[in-house]
Amino acid sequence: MAGVTDDPARFAYLAEGNAKQARKRVAVDLLIRDRAGRVLLVNPTYKEHWDLPGGMAESNEPPRAAGERELAEELGLAVTAGRLLLLDWVGPHGPWDDELYFVFDGGTLSDEQVAALTINDSEIAELAFVPIDRAVDLLRPDVASRLVRAHQAQHDGGMAYVEHLRP
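Below is a short write-up of the structure. (Residues numbered from 1 in each chain as written. Predicted model: local features only at pLDDT ≥ 70, side-chain atom pairs only at ≥ 80, totals over all residues. Heavy atoms only, no water.)

1. So, the overall build of the protein chain
Put simply, the rule reads: Comment: elements are numbered from the N terminus, with helices defined as DSSP H or I runs of at least four residues and strands as E runs of at least two. Burial classes: relative accessible area under 20% of the type maximum marks a residue as buried, over 50% as exposed, and values in between as partly exposed (1.4 Å probe, protein chains only). Two residues qualify as a contact provided that any one of their heavy atoms is within 4.5 Å of a heavy atom in the partner residue.
Counting secondary structure elements, the protein chain contains six helices and seven strands. Dimensions of the protein chain along its principal axes, counting C-alpha atoms only, are 60 × 35 × 35 Å. Looking at the protein chain as a whole, 42% of its 167 residues qualify as buried. Long-range contacts, defined as pairs at least 24 residues apart, comprise 67% of the intrachain contacts of the protein chain with a sequence gap of at least 6.

2. Looking at the pattern of salt bridges
Formally: Within this document, salt bridges are pairs made up of a side-chain nitrogen of Lys or Arg and a carboxyl oxygen of Asp or Glu, the two lying within 4 Å of each other.
Inspection of every chain in the model, using the stated rule, returns 14 salt bridges. Between Glu16 and Lys20 there is a salt bridge, with its nearest N and O atoms 3.1 Å apart. One end of the pair is Glu16 and the other is Lys20, both in helix α2 (residues 8–20) and four residues apart, which spans about a single turn. With a relative accessible area of 64%, Lys20 lands in the exposed category. With a shortest N-O distance of 2.4 Å, Lys47 and Asp51 are connected by a salt bridge. The buried category is assigned to Asp51, whose relative accessible area is 8%. Three or more residues are tied together by salt bridges with common partners; here these are Glu58, Glu61, Arg69, Glu70 and Glu73.

3. Section: the side chain of Asn43
The topology assignment puts Asn43 in strand β2 (residues 39–44). With a relative accessible area of 14%, Asn43 lands in the buried category.

What is shown is where atoms sit, not what they do.
Following this line, the structure appears as structure tokens:
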């Protein structure tokens, strides 16, 4: 916008407004399957439960790019995040402000891609492909709910929006 950058007073006014606006934490996971239809889970070293692969977006990083970067860093997996399956707004809880949680379709890996998976990050203790009903048992309840909704959206061609309020 030529007018904004050409006018220092207007730029300063907009920058001040931007500085006062809320910032959201953004988490991104990918729903990845193997050829048998099982879902990929990771077992983080810093959590009690298993999780979907992914992580936190960095400042000004697009959610899709954040998910792809996290998979490459943690598992050496180069995937292109597909369509958005779920967007979950998670309300403030504990020391955390609210958060936007994206789940993208990570596709189906070939047998060769599955065999090549390696854990490249000390935050991940192990990985496994598990049937969805078993995955639900391994995940924290809110993450299990996301998985079920994302899995349903994947199969029906839709996209789920959820507002998850934690106590």
